[in-house]
Amino acid sequence: MKRLFIFALLSVALPLFALRPGDKIGNVQYKLKWIDCTPFKIGELSKEDKAVTPPLRALVFLFTRSKSSSRIMNILEDTRKTYRNDLRIAVITPDTEHDAKLFHRKHPDVRVRLAVDSERKITPLFMAGSMLYPMAFVCDADGRILWNGEAVDLPEAVQNILQNKNDVDKQRKISLLLDDMQQRMRSGETRALQQSAEKIFKLDPANASALRMLLFILENSGRHLEAWSILEKRIKAVPSALRLYYTALEMVRRYPDLQKNLSSVINGFYAHAATPKQRLFFTETLLYNFPGNFTALQAAAEELGKSNAGFEKLSPLEKSRLFAACARLRYLSGDLNGAIKFQQRACDMSSGTGDKSVKNTFSNQLDFYSKLKKLNKKELTL
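Presented here is an overview of the structure given in this document. Residue numbering note: each chain is counted from 1, following its sequence as written. Given that this is a predicted model, residues contribute local features only at a pLDDT of at least 70 and side-chain atom pairs are listed and counted only at 80 or more, while totals for whole chains, interfaces and linings are drawn from all residues. Calculation of side-chain values draws on the structure's entire complement of heavy atoms; hydrogens and water are dropped beforehand.

1. Some points on the pairing of strand 5 (residues 135–139)
Then, in step 1: Burial analysis of strand 5 places five of its five residues in the buried class, the great majority of the element.
Then, in step 2: Where burial is concerned, the two faces of strand 5 agree: the one with Met135, Phe137 and Cys139 and the one with Ala136 and Val138 are both buried.
Then, in step 3: Sheet topology places strand 2 (residues 56–61) next to strand 5; five bridges connect them, and they run antiparallel. Note on strand 5: the bridge partner recorded for leucine 59 is phenylalanine 137.
Then, in step 4: Two elements, strand 5 and strand 6 (residues 145–150), share five bridges in a ladder whose sense is antiparallel. Bridging across to strand 6, phenylalanine 137 finds its partner in asparagine 148.
Then, in step 5: When DSSP finds two or more bridges between a pair of strands, those strands are recorded as paired. The helix and strand labels rest on DSSP assignments: H or I over at least four residues marks a helix, E over at least two residues marks a strand, and numbering proceeds from the N terminus. In this antiparallel pair of consecutive strands, strand 5 and strand 6, the connection spans five residues, and glycine 143 shows a positive phi of 80°. The cut-offs for exposure are 20% and 50% of the maximum accessible area for each residue type, with area from a 1.4 Å probe on protein chains only; residues under the lower value are buried, those over the upper are exposed, and the others partly exposed.

Here is the structure:
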């Protein structure tokens, strides 16, 4: 997704955002076509609307045909569920109504609202022609923008706002500096881009967008060791920012000469992960992204082999993922009987979650393990 975003960015001129943190949206009267949902109030709310609307609203501008759109929609739905009492989310697309309806049918269980900017007037009001899709804007009941940034970072932004950690004036400065970084990327001014990134890091030491752009430009110029050094510096500055460890894992996966750092990345994450859910998701990443790496498998085995204290706090869906992770570990370590046993537990647990896609995925995986066991019984004559 990161690379798609950057390529789109470099292919067009980079206008400034029309709206930034601190600005008020105002009373928007432009026409939207809502797809099988109740219309979403944009702008300042009336006294009556404030009484029945969550304090935060997020508008996400998205191209439905983008390869990243389904992943983003799943992130938005998870965010909606997590903050259902505090946040309402609407996706707005400048695509055609036909494309929007096709996209909507692909996500029948998603309750995030979807609308078509049929007149294509609301989109430029927020985006001003920028190609930084998907982009999210969070506003309060008065229609004041509190934060804007890449949609993938919306969950973290909402959490910061609700915990009173969001400085609107600071976010406005960051938004301006990110615009400058984008201009520097287009003109190939790497040094100036790095200077803008450092200014952002002084305001927000682990800013996701600035780090993504900086790492991308360095990696694509063959300077991945320099990129790694910058990432290590960000982790040292904000070791509790768990997403940084995922970025580190991805770099280690891509560059063999960085694999010597895998153990420290893993230890750093587990040292700062506060919940069983966070630890489970990271363990899944190790199992699926490093299937042939003993360091990763050993770390996953140690984590899954603990007394499971705290795992009772996981939801049924998360518990089913826990069992599937145990099955994956057994499979990768050559224990097919153990893989089948845990995968069956994952299937049984997922049956009560109501999530058909997860249930089907786990059932297909159980079928694979069972077939593999039968295959192993066949003799090979060489």
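2. A short note on the side chain of serine 196
Then, in step 1: Among the structural elements, serine 196 can be located in helix 8 (residues 190–203).
Then, in step 2: Assessed through its relative accessible area of 5%, serine 196 is described here as buried.
Then, in step 3: If we ignore the near neighbours within four places in the chain, the residues touching serine 196 are Leu177, Asp180 and Met181. Whether two residues are in contact is decided by their heavy atoms: any pair within 4.5 Å suffices.

3. Concerning the packing of helix 15 (residues 316–332) against helix 16 (residues 336–350)
Then, in step 1: Angular values range over 0 to 180 degrees, each being the angle between N-to-C directions of two axes fitted as lines to C-alpha atoms, with helices fitted over their stretch in contact. With their axes 7 Å apart at the nearest point, helix 15 and helix 16 run at an angle of 170° to one another. In terms of their interaxial angle, helix 15 and helix 16 are classed as roughly antiparallel. Note on packing geometry: the crossing formed by helix 15 with helix 16 is left-handed. Residues Pro316, Lys319, Ser320, Phe323, Ala324, Cys326, Ala327, Arg330 and Tyr331 of helix 15 form the contact with helix 16, whose own contacting residues are Leu336, Gly338, Ala339, Phe342, Gln343, Arg345, Ala346, Met349 and Ser350. Relative orientations are named as follows: roughly parallel for angles under 35 degrees, roughly antiparallel for angles over 145 degrees, roughly perpendicular for angles from 65 to 115 degrees, and oblique for any other angle. Crossings are classed by handedness, with left-handed meaning an anticlockwise turn of the near helix from the far one by less than a right angle and right-handed meaning a clockwise turn.

4. Re the nonpolar core
Then, in step 1: If you look at the biggest cluster of nonpolar residues, it comprises 45 residues, and the most contacted ones within it are Met181, Leu214, Trp228, Leu231, Met251, Phe282 and Leu286.
Then, in step 2: The element contributing the most residues to this core is helix 9 (residues 208–219), with eight residues.
Then, in step 3: When residues no more than four places from it in sequence are discounted, the contact partners of methionine 181 are Leu193, Ser196, Ala197, Ile200, Ala210, Met213 and Leu214.
Then, in step 4: Throughout this description, the term nonpolar core refers to a set of buried Ala, Val, Leu, Ile, Met, Phe, Trp, Tyr and Cys residues connected via side-chain atoms within 4.5 Å. With 30 residues, the next largest nonpolar core counts Ile35, Leu76, Ala100 and Val168 among its residues.

5. Re unusual backbone geometry
Then, in step 1: The backbone phi angle of aspartate 36 is positive, close to 50°, even though this residue is not glycine.
Then, in step 2: Among the secondary structure elements, aspartate 36 is positioned in the loop between strand 1 (33–34) and helix 2 (47–52).
Then, in step 3: A positive phi is found at arginine 120, a non-glycine position, where the angle reads about 55°.
Then, in step 4: Structurally, the position occupied by arginine 120 is in the loop between strand 4 (113–116) and helix 5 (122–127).

6. With respect to the packing of aromatic side chains
Then, in step 1: Aromatic pairing here means that ring centres of Phe, Tyr or Trp (its six-membered ring) are within 6.5 Å. Orientation follows from the plane angle: under 30 degrees is stacked, over 60 is edge-to-face, and everything else is tilted. A full pass over the atoms with the stated rule returns 14 aromatic pairs.
Then, in step 2: Ring plane angle 70° and centroid distance 5.1 Å describe the contact between phenylalanine 126 and phenylalanine 137, whose orientation is recorded as edge-to-face. Here phenylalanine 126 is found in helix 5, whereas its partner phenylalanine 137 is found in strand 5, with eleven residues between them in sequence. Per residue, the accessibility class of phenylalanine 126 equals that of phenylalanine 137, and both read buried.
Then, in step 3: Joined through ring pairs, the aromatic side chains of Tyr245, Tyr246, Phe269, Tyr270 and Phe282 make up one cluster.
Then, in step 4: Above the plane of the ring of phenylalanine 201 lies arginine 234, whose end atom (NZ or CZ) is 4.4 Å from the centre.
Then, in step 5: Sitting over the ring of phenylalanine 342, lysine 341 keeps its end group 4.8 Å from the ring centre. The criterion is that NZ of a Lys, or CZ of an Arg, lies within 6 Å of the ring centre and within 35 degrees of the ring normal, and then a charge sits over that ring.

7. Side note on the pattern of salt bridges
Then, in step 1: Salt bridges, as used here, are contacts in which a Lys or Arg side-chain nitrogen is within 4 Å of a carboxyl oxygen on Asp or Glu. If you walk through the whole model with that rule in mind, you get 22 salt bridges.
Then, in step 2: For arginine 212, the salt bridge is made with aspartate 153, and the minimal N-O distance between the two is 2.7 Å. Here arginine 212, found in helix 9, pairs with aspartate 153, found in the loop between strand 6 and helix 6 (154–162); they are 59 residues apart in sequence, far enough to count as distant. In terms of burial, arginine 212 and aspartate 153 fall into one category: buried.
Then, in step 3: Put simply, glutamate 303 and lysine 306 hold a salt bridge, and the shortest N to O gap is 3.2 Å.
Then, in step 4: Through salt bridges with shared partners, a single network forms among Glu219, Glu250, Arg253 and Arg254.

8. Observations concerning the sheet that holds strand 3 (residues 87–93)
Then, in step 1: The strand order across the open sheet built from six strands is 1-4-3-2-5-6, with neighbouring strands paired in mixed fashion. Unpaired on one side and paired on the other, strand 1 and strand 6 mark the two borders of the sheet.
Then, in step 2: Summarising the sheet, strand 2 and strand 3 pair through six bridges and their orientation is parallel. Directly across from valine 60, in strand 3, lies its bridge partner valine 91.
Then, in step 3: Along the sheet face, helix 3 (residues 69–82) touches strand 2 and strand 3 and points at about 160° away from the line of strand 3.

All we've got here are geometric facts, nothing functional implied.
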